[in-house]
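Structure at a glance
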Amino acid sequence: MSLLALLGVLSSTIFSGTSLLYATLGEVVTERSGTVNLGLEGVLLISAATGYGVTVSTGNPFLGVLAAMLAGGLSNLVFGYLVITRKANQLASGLAVLFFGYGLSALIGKPFVGKLINSLPRYMIPGPGELPLRYTSLFKFDFLIYLVIPMTFFIWWLLYRTRWGLGLRAVGENAETAYASGRNPGMIKFQALFVGGLLAGLGAAHLSIAFTMNWAEYMTGGRGFIAIALVIFSKWHPIRAIAGVLVFSGAVAFQLLLQVSGVNVSPFLLDMIPFILTLTVLLIWGGTRKHSAPATLGRVYQGTE
Amino acid sequence: MEQSSQQPLVSLRGIMKAFPGVLANNNIDLDIFPGEIHALLGENGAGKSTLMKILYGFYRADDGRIWVDGKETRIKSPADARQLNIGMVFQVLNLIPAMSVLENIALFLKDLPGLYNPAQIRKRIFEQSRLYGLEVNPDDMVAHLSIGVQQKVEILKLLLSDAKILILDEPTRVLAPHEVESLFEVLRKLRQNGYAIILITHKLKEVMECTDRITVLRAGRVAGTILCSEANHEKLVQLMFDKQLTAQIEREDLPRALDPVLELVSFSTHGEGTEVSLKNIALKIFPGEIVGVAGVSGNGQKELCDAILGIEKVAGGRKLLKAQDFTHSTTRKMRDFGLGFVPENPLTMATVPFMSVLENMAVTRTADYSRHGGLTMDWKLVQEDARQSLEKFGFTFSYYLPAKSLSGGNLQRLIIAREMMKDSQLIVASYLTRGLDVQSTLVARQELMRARNEGAGVLLISEDLEELFSLCDRLIVLYEGRIAGEFKPSETDYYQIGYLMTGSQGNHVTTH
């Protein structure tokens, strides 16, 4: 395998992993407050379509990113209305949001199918400036890629070093304790969902505006669900999510390379590699999972009389 | 008393609170003065916790007025109560196990900045804990702390949150005797420094030991308020029940049976995660005897019960019932043998919360009530059995309420009635009387003794040493999954047991 091929795998890992990491971070934030959003996939689709549409209409990809974030935040607030205000079951509501997202994103995206956009500008990474073009073109990244690792540490800092994060985690562990400490658990859950939605929006924006530069129905291809699995993989910890995303996206890029290089294995089998890997890791983690999950994850907070 | 000349710190007037089917607080008046320890005494369901949760804003009163520091206020949420320097330690400790002591305390700090500095909070914890002898390590995870230490953290949490009015809901429920003593020591120091302390309890001994004034609640009303110096045991019981209790538990002297009903031979389990592993347990329970298990909860009691019941896998050793091997038998087989089981947490471990009381009564022996090969259930028979059993204990329930709507004490009654419905050969009871009031406690103990007198072997797990000493024929102490000592109640005392329970290096005498 040539150096070029390896660098290609690395570059593609970074490109496809970025949206996944943003989405995972978003889900970490919401799950830390005790809410599972199984509809993340739908939220990603709505955001991706909205971001792409706004980019086409305005010609400005940055406005598209902003629009995608807002779309993500708002979609999550709708979900929040169901599970916090109306106290509906989280899993059922999540599935509802998922299918709603399929439909709504197709509707939003339809007029823009096949339209060209100004994608997010890419900047060369500083350092290996003297390499031949076919290498360097692999390492021109947009700002969302440069931002994702700092963002991960920022989210960690937000959750573990600020009053807001302390309250948010407390709600996820025991909403009644958080209430007794003078906080409003419902409000905090809404805030967590909104922040989670903004992050999911960033991920979706990267997918449609920076990476594929395209809108197609169901283009997220299960990323929302992989992100939920990666939250478990990372034990609800933002920084460990980086490792999870690298493993998964690396496997995706690697199997694509295998397919291109003409290995005599069914492509459908190769397609499965990343998912099998994720399943295996989840199986291994499974035994210790309950000791790191937020204690009230998935439960509806009923409030007091 | 000097307090009468002062202005009360808190005044409650005409507090009303109804829950579906119960009037929990009916026109309650209460005054709390600075520098006093005020006991709120009453049996289960008297409305003590409800009243205090209203003062803390956790519940909202249907009617009534509250003055704090002479000003009328409305307390709509705990946030309001905290502004008024009211703090509460709940009956079920409210610490978050997955967080450190420091984070748990920070959560309740009134002036916590958006970006907080852990070093500064650590310093404040050290200062305050030294002042009152409440030593804790701020960086420990709460999950790794014993209940006694958790209680200290709860109190520190209140003090650091600037609470001046401290509400403690049954704080001694889970403490070993010397821990209770040191808790009272702390409370006395706090009283000296002008704190007002409200102590919810139904233990008369504690009330007499460390309070200044006592308000007795009965069925949602104030039955009376008296000074501790003028109170005595009979007076309080009379206020609590409006009648004299006839406390009589009859222990018959039975000849010791030759063969044990339950025998554990070098019995071990493998605990995962936060569970405790049982190590090399050797235990015999003979028919007609009550064997008590003393220990601070979390030292293998739950695992012992679960392993006997057959929920927990046995890693080594053998379990014999009447000399037959039951080591790897299913729970069904154990039940068929005649095992009654009262687990430590009735809501999550013995009932299906959303099923009705009647369904819950039937759920452990569905085979007895199924007809037509399991296609129908004989609900009439269930009702008849339930009625008889509840009558025996003097308990009353509506059969069709969901189990989750019952209070903790009532759930415990339901489980006791169910598990002692049929004659059992072996009864395993965890914290039999936890959360029960004096009257129900008495009945439950009487029934346990009756079962023993009729030849059942009983394993009684408890943290209430008084209960263990008065009921048991033999006592073992469980510490970190091992039997740390075995005694006859007459051969030991509370302090020896208490020290073994907490793993202190005292006189480790084992008498066999």
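Quick caveat, the model's predicted, so the values are computed rather than measured.

Parameters and conventions
- Residues numbered from 1 in each chain as written.
- Chains lettered and ligands numbered in written order.
- Predicted model: local features only at pLDDT ≥ 70, side-chain atom pairs only at ≥ 80, totals over all residues.
- Heavy atoms only, no water.
- Helix = DSSP H or I, 4+ residues; strand = E, 2+ residues; numbered from the N terminus.
- Rg over C-alpha atoms; globule rule 2.2 N^0.38 Å.
- Contact = heavy atoms within 4.5 Å.
- Areas by Shrake-Rupley, 256 points an atom, 1.4 Å probe, with all protein chains shown as cover.
- Lys, Arg positive; Asp, Glu negative; His and termini not counted.
- Charge placed at Lys NZ, Arg CZ, Asp CG, Glu CD.
- Pairing = 2+ DSSP bridges.
- Salt bridge = Lys/Arg side-chain N within 4 Å of Asp/Glu carboxyl O.
- Patch = residues over 30% accessible without salt bridge, like charges linked within 9 Å, V, L, I, M, F, W, Y side chains within 5 Å.
- Buried < 20%, exposed > 50% of the residue type's maximum accessible area, 1.4 Å probe, protein only.
- Axes fitted to C-alpha atoms, helices over the stretch in contact; angles between N-to-C directions.
- Phe/Tyr/Trp six-rings, centres within 6.5 Å; stacked < 30°, edge-to-face > 60°.
- Lys NZ or Arg CZ within 6 Å of the ring centre and 35° of its normal.
- Core = buried A, V, L, I, M, F, W, Y, C linked by side-chain atoms within 4.5 Å.
- Buried area = accessible area lost by both parts, 1.4 Å probe.
- Domains from an automatic or database assignment.
- Polar contact = N/O pair within 3.5 Å; in protein donor to acceptor, adjacent residues only side chain to side chain.
- Nonpolar A, V, L, I, M, F, W, Y, C, P; charged D, E, K, R; others polar.
- 1 Å grid on protein atoms, 1.4 Å probe; cavity = no way out; pocket = protein on both sides within 12 Å on 5 of 7 lines; lining within 4 Å.
- Points joined across faces, edges and corners; volume = space filled by probe spheres on them.
- Expected span 1.5 Å × (residues − 1).

**Description of the overall build of chain A**
When helices and strands are counted, chain A shows 12 helices and 2 strands. For chain A, the N- to C-terminal ordering of α and β elements is α-α-α-α-β-α-β-α-α-α-α-α-α-α. Its C-alpha radius of gyration of 20 Å places chain A within 12% of the 19 Å reference for a compact globule of 305 residues. Along the three orthogonal principal directions, the C-alpha set of chain A runs to about 70 × 45 × 40 Å.

**Things to note about the overall build of chain B**
Within chain B, the regular secondary structure consists of 18 helices and 22 strands. For 512 residues, the compact-globule estimate of 2.2 N^0.38 gives 24 Å, and the C-alpha radius of gyration of chain B, at 24 Å, lies within 12% of that figure. Counting only C-alpha atoms, chain B reaches 70 × 50 × 45 Å along its principal axes. Put simply, of all contacts in chain B between residues at least 6 apart along the chain, 68% involve residues at least 24 apart. Of the roughly 22,000 Å² of accessible surface on chain B, a fraction of 49% belongs to carbon and sulfur atoms. Positive and negative side-chain charges of chain B, numbering 57 and 63 respectively, have mean locations separated by a distance of 3 Å.

**Considerations on the sheet that holds strand S15 (residues 324-325) of chain B**
What links the strands of a sheet is backbone hydrogen bonding, and the strands pair in either a parallel or an antiparallel sense. All names here are of chain B. Strand order in the open sheet formed by 4 strands is S12-S11-S14-S15, with antiparallel pairing between adjacent strands. Only two strands of the sheet have a single partner each, and these edge strands are strand S12 (281-285) and S15. Sheet topology places strand S11 (residues 262-268) next to strand S14 (residues 316-321); 5 bridges connect them, and they run antiparallel. Bridged to Glu263 within S14 is Leu320.

**So, the pattern of salt bridges**
Residues and elements named next belong to chain B. In this structure the tally under the stated criterion is 24 salt bridges over all chains. Glu384 serves as the salt-bridge partner of Arg387, at 2.9 Å between the closest nitrogen and oxygen. Linking Arg387 with Glu384, this pair stays in helix H14 (residues 379-393), spanning 3 residues, or about one helical turn. Among the salt bridges present, the one from Arg450 reaches Glu454, with a minimum N-O distance of 2.8 Å.

**Some thoughts on a nonpolar patch on the surface**
Residues and elements named next belong to chain A. A cluster of nonpolar side chains, namely Val263, Val265, Leu269, Met272 and Ile276, defines an oily patch on the protein surface of about 400 Å² accessible area. Considering the arrangement of structural elements, one finds Ile276 in helix H12 (residues 267-286). The partly exposed category is assigned to Ile276, whose relative accessible area is 43%.

**Overview of the sheet that holds strand S16 (residues 339-342) of chain B**
Residues and elements named next belong to chain B. With mixed pairing, 6 strands are arranged side by side in an open sheet as S16-S19-S20-S13-S21-S22. Of all the strands in the sheet, just S16 and strand S22 (482-487) have a single pairing partner and so form its edges. Taking the axes of each pair of neighbouring strands and ignoring which way they run, one obtains an average angle of 15° across the sheet. Against the sheet, helix H16 (residues 438-453) touches strand S13 (289-294), strand S19 (426-430) and strand S20 (457-462), its axis set at about 130° to S13.

**Details of the packing of aromatic side chains**
Across all of its chains, the model carries 18 aromatic pairs over all chains by this definition. Relative to Tyr218(A), the ring of Tyr102(A) has its centre 4.8 Å away and its plane inclined at 75°; by these criteria the two rings are edge-to-face. Placement of the pair is Tyr102(A) in helix H4 (residues 90-109) and Tyr218(A) in the loop between helix H9 (185-211) and helix H10 (223-233), with a sequence separation of 116 residues. On the basis of relative accessible area, Tyr102(A) is assigned to the partly exposed category, the value being 23%. On the basis of relative accessible area, Tyr218(A) is assigned to the partly exposed category, the value being 48%. In this structure an aromatic cluster arises from ring pairing among Tyr179(A), Phe19(B), Tyr56(B), Phe58(B), Tyr59(B) and Phe90(B). The residue whose ring lies beneath Lys157(B) is Phe108(B), and the NZ or CZ to ring-centre distance is 3.9 Å.

**As for the nonpolar core**
Residues and elements named next belong to chain B. By size, the foremost hydrophobic cluster in this structure holds 142 residues, and its most contacted members are Leu12, Leu51, Met52, Leu55, Ile86, Leu187 and Leu190. Each residue touching Leu190, except ones within four places of it in the same chain, is listed here: Tyr132, Leu159, Leu166, Tyr195 and Ile197. Counting 51 residues, the second largest nonpolar core, distinct from the first, contains Leu411, Leu432, Leu436 and Phe487.

**A few points about the interface of chain B and chain A**
As a measure of interface size, the accessible area lost when the parts come together is often cited. With 29 residues of chain B at the contact, the number on the chain A side is 21 residues. Interface area, chain B with chain A, both sides summed: about 2,200 Å², of which 60% is carbon and sulfur. Taken as a group, Phe58(B), Leu107(B) and Tyr116(B) account for 24% of the area that chain B buries against chain A, more than any other trio of residues on that side. Along the contact surface separating chain B from chain A lie 1 salt bridge.

**A few points about the domain arrangement of chain B**
Residues and elements named next belong to chain B. The domain architecture assigned to chain B consists of domain 1 (3-240) and domain 2 (262-501). Centre-to-centre, using C-alpha coordinates, domain 1 lies 32 Å away from domain 2. Between domain 1 and domain 2, the residue contacts involve 11 residues of the former and 15 residues of the latter. When residues of domain 1 are sorted by the area they lose upon contact with domain 2, Asn44, Pro177 and His178 head the list and together hold 37% of the total. Linking domain 1 to domain 2 there are 0 salt bridges. Our count for the domain 1 to domain 2 interface comes out at 0 residue pairs in polar contact (both at pLDDT 80 or more). Tallied by class, residues from the side of domain 1 that touches domain 2 come to 5 nonpolar, 3 polar and 3 charged.

**Section: the side chain of Ser105(A)**
Residues and elements named next belong to chain A. Among the structural elements, Ser105 can be located in helix H4. Relative accessible area serves as the criterion here: at 1%, Ser105 is assigned to the buried category. Side-chain polar atoms of Ser105 contact the backbone oxygen of Gly101, separated by 2.7 Å.

**Considerations on the layout of surface pockets**
Residue and element names in this part refer to chain B. Of the pockets and cavities examined, the second largest pocket occupies roughly 1,200 Å³. Of the residues in the lining of the second largest pocket, the class split is 17 nonpolar, 9 polar and 15 charged. Split by domain, the residues of the lining of the second largest pocket number at least three in each of domain 1 (3-240) and domain 2 (262-501).

**Considering unusual backbone geometry**
The phi dihedral of Tyr218(A) is positive, around 55°, even though this residue is not glycine. Phi at Ala219(B) takes a positive value of approximately 50°, unusual for a residue other than glycine. Its place among the elements puts Ala219(B) in the loop between strand S9 (213-218) and strand S10 (221-227). A relative accessible area of 58% means that Ala219(B) is categorised as exposed.

**Observations regarding the side chain of Thr18(A)**
All names here are of chain A. Secondary-structure assignment places Thr18 in helix H1 (residues 3-32). A distance of 2.7 Å separates the side chain of Thr18 from the backbone oxygen of Ile14, its partner in a polar contact. Once you skip the residues sitting within four places of it in the chain, Thr18 turns out to touch Leu144, Ile145, Val148 and His206.

**Here we look at the pairing of S13(B)**
All names here are of chain B. Within S13, 6 of the 6 residues are buried, which leaves it mostly tucked inside the rest of the structure. As judged from the 6 bridges shared by S13 and S20, these two strands associate in the parallel manner. Residue Ile290 lies in a different strand from S20, and its bridge partner there is Val458. One ladder, built from 4 bridges, connects S13 with strand S21 (residues 474-479); its direction is parallel. Bridging across to S21, Gly292 finds its partner in Leu475.

**Some details on H14(B)**
Residues and elements named next belong to chain B. Under the 1.5 Å per step criterion, the end-to-end length of H14 is 21 Å for 15 residues, consistent within 8% with the ideal 21 Å. On its buried face, H14 sits against helix H12 (357-362), helix H13 (366-369), helix H15 (408-419) and H16. With its phi angle positive at about 70°, Gly394 sits one or two positions after the end of H14.

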